[in-house]
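So the chains spell out like this:
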Amino acid sequence: ERIASAARAAGRDPAQVRLIVVTKTYPAADVLRLAALQVLDVGENRDQEAAPKAAEVAAAGVEVCWHFVGRLQRNKCRSVVRYAGMVQSVDSVRLATALARARGDLPAEGERVPLDTLVQVSLDGDAARGGAVAGGGDPDTALERVLAAVASAGQLRLRGLMAVAPLGWEPERAFADLARIAAPARTQYPDATVLAAGMSGDREEAIRHGATHVRVGTAVLGARPAPR
Ligand SMILES: *Cc1c(COP(=O)(O)O)cnc(C)c1O
């Protein structure tokens, strides 16, 4: 309801904003509960935790779409491509290449479809904290190059952009920047219609600036224990 009212307040159709519930630290049983409520998009940020959870949900005969939303190491790509329906956090050319290769090496089951992929944008330009940098000078993490790498990889399908508001920034400023960065990308890559932005604390602002997918953990499932 809060997503729907934020969409209406922004003059948008609530059906244009999809809820992804971030289930990190919560057990597979909670994913099954969400699925029973028709919440079929869930997010995870660590392969170590997500892979066994996805296997448990699949073993229960329940199908959900797993969104990988965390920093992804290249050596985890082989695992992630087995269960992820969308990877939201590709932020370098090298990672795009590794992900495409891993997807291509999956044993073909029927007709293998390209993996839906978002390019994560760094809004404060600090690539060390994750995200490709618009107009950046490093060829591996320059946004324009990462977009091109994903778009040209046969095993990946460039669906859009993702971002997290930098710590200490006004969400309003962060998501206005993101919208400005996303506009030319969408013109160049017409398939890249997804804007994944907004979490428990800032989804209203993200929706106001065009978010199509919000990633919400705490506001649905409750506060997580502090990271170990
Ligand atoms: C944990 C996480 C979220 C959800 O955060 P909440 O504040 O609990 O809603 C969203 N996006 C990413 C990338 C995350 O790691």
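See above for the structure.
What counts as what
- Residues numbered from 1 in each chain as written.
- Predicted model: local features only at pLDDT ≥ 70, side-chain atom pairs only at ≥ 80, totals over all residues.
- Heavy atoms only, no water.
- Helix = DSSP H or I, 4+ residues; strand = E, 2+ residues; numbered from the N terminus.
- Rg over C-alpha atoms; globule rule 2.2 N^0.38 Å.
- Buried < 20%, exposed > 50% of the residue type's maximum accessible area, 1.4 Å probe, protein only.
- Contact = heavy atoms within 4.5 Å.
- Lys, Arg positive; Asp, Glu negative; His and termini not counted.
- Charge placed at Lys NZ, Arg CZ, Asp CG, Glu CD.
- Salt bridge = Lys/Arg side-chain N within 4 Å of Asp/Glu carboxyl O.
- Near = heavy atom within 4 Å.
- Polar contact = N/O pair within 3.5 Å; in protein donor to acceptor, adjacent residues only side chain to side chain.
- Areas by Shrake-Rupley, 256 points an atom, 1.4 Å probe, with all protein chains shown as cover.
- Nonpolar A, V, L, I, M, F, W, Y, C, P; charged D, E, K, R; others polar.
- Axes fitted to C-alpha atoms, helices over the stretch in contact; angles between N-to-C directions.
- Parallel < 35°, antiparallel > 145°, perpendicular 65-115°, else oblique.
- Left-handed = near helix turned anticlockwise from the far one by under 90°.

*Asks:* Just checking my understanding: could you explain the overall build of the protein chain for this structure?
*Replies:* The helix and strand tally for the protein chain stands at nine helices and eight strands. Its C-alpha radius of gyration of 17 Å places the protein chain within 12% of the 17 Å reference for a compact globule of 228 residues. Each principal axis of the C-alpha distribution contributes one length, and for the protein chain these read about 45 × 40 × 35 Å. Residues classed as buried in the protein chain amount to 50% of the 228 residues present. Contacts in the protein chain between residues far apart in sequence, at least 24 positions, make up 59% of those at least 6 positions apart. On the protein chain, the mean spot of the 29 positive side-chain charges and the mean spot of the 26 negative ones are 2 Å from each other.

*Asks:* Looking at this model, I keep getting lost on the pattern of salt bridges. Mind explaining?
*Replies:* Pairs may arise between side chains of opposite charge once their charged atoms sit close together. On inspection of all chains with the given rule, the structure shows 15 salt bridges. With a closest N to O distance of 2.7 Å, Glu 49 and Lys 53 form a salt bridge. Linking Glu 49 with Lys 53, this pair stays in helix α3 (residues 47-59), spanning four residues, or about one helical turn. Close ionic contact of Asp 91 with Arg 71 constitutes a salt bridge, the shortest N to O distance being 3.9 Å. Of this pair, Asp 91 sits in the loop between β4 (84-90) and α5 (93-105) while Arg 71 sits in the loop between β3 (65-68) and α4 (77-83); the two residues are 20 residues apart in sequence, bridging distant segments of the chain. Several salt bridges share partner residues, and in doing so they unite Glu 44, Arg 46, Glu 49 and Lys 53 into one network.

*Asks:* So what exactly am I meant to see when it comes to the site of the ligand here?
*Replies:* In the vicinity of the ligand, the contacting residues are Val 22, Lys 24, Asn 45, Val 69, Met 199, Ser 200, Arg 215, Val 216, Gly 217, Thr 218 and Arg 224. A distance of 2.8 Å separates an oxygen atom of the ligand from a polar backbone atom of Gly 217. For the ligand, an oxygen atom lies 2.8 Å from a polar atom in the side chain of Arg 224. Notes on the ligand: free accessible area 380 Å², of which the protein chains cover 87%. When the residues that make up the shell around the ligand are grouped by side-chain class, the tally is four nonpolar, four polar and three charged.

*Asks:* For this particular structure, what's the right way to read the packing of helix α2 (residues 28-36) against α3?
*Replies:* Any two packed helices are characterised by how steeply their axes cross, that is the angle between the axes, and by the distance between the axes. Here α2 crosses α3 at 50 degrees, and the two axes come no closer than 9 Å. When the axes of α2 and α3 are compared, the pair comes out oblique. Crossing angle aside, the handedness with which α2 passes α3 is right-handed. Here α2 contributes Ala 28, Val 31 and Leu 32 to the contact with α3, which in turn contributes Lys 53, Glu 56 and Val 57.

*Asks:* How should I be thinking about unusual backbone geometry in this particular structure?
*Replies:* Excluding glycine, residues mostly carry a negative phi; peptide bonds, for their part, are mostly trans. The phi dihedral of Thr 25 falls on the positive side, at around 75 degrees, and the residue is not glycine. Mapped onto the elements, Thr 25 comes out in the loop between β1 (18-22) and α2. A relative accessible area of 41% means that Thr 25 is categorised as partly exposed. If you check the backbone angles, Gln 38 has positive phi at about 70 degrees while not being a glycine. One can find Gln 38 in the loop between α2 and β2 (41-44).

*Asks:* I tried to follow the side chain of Gln 88 on my own but got confused; where do I start?
*Replies:* Assignment of secondary structure puts Gln 88 in strand β4. Within the structure, the side chain of Gln 88 is placed 3.3 Å from the side chain of His 67, a separation counted as a polar contact. Dropping the residues within four chain positions of it, Gln 88 is found in contact with Ile 20, His 67, Phe 68, Val 69, Leu 118, Val 119, Gln 120, Met 162, Ala 196 and Arg 215.

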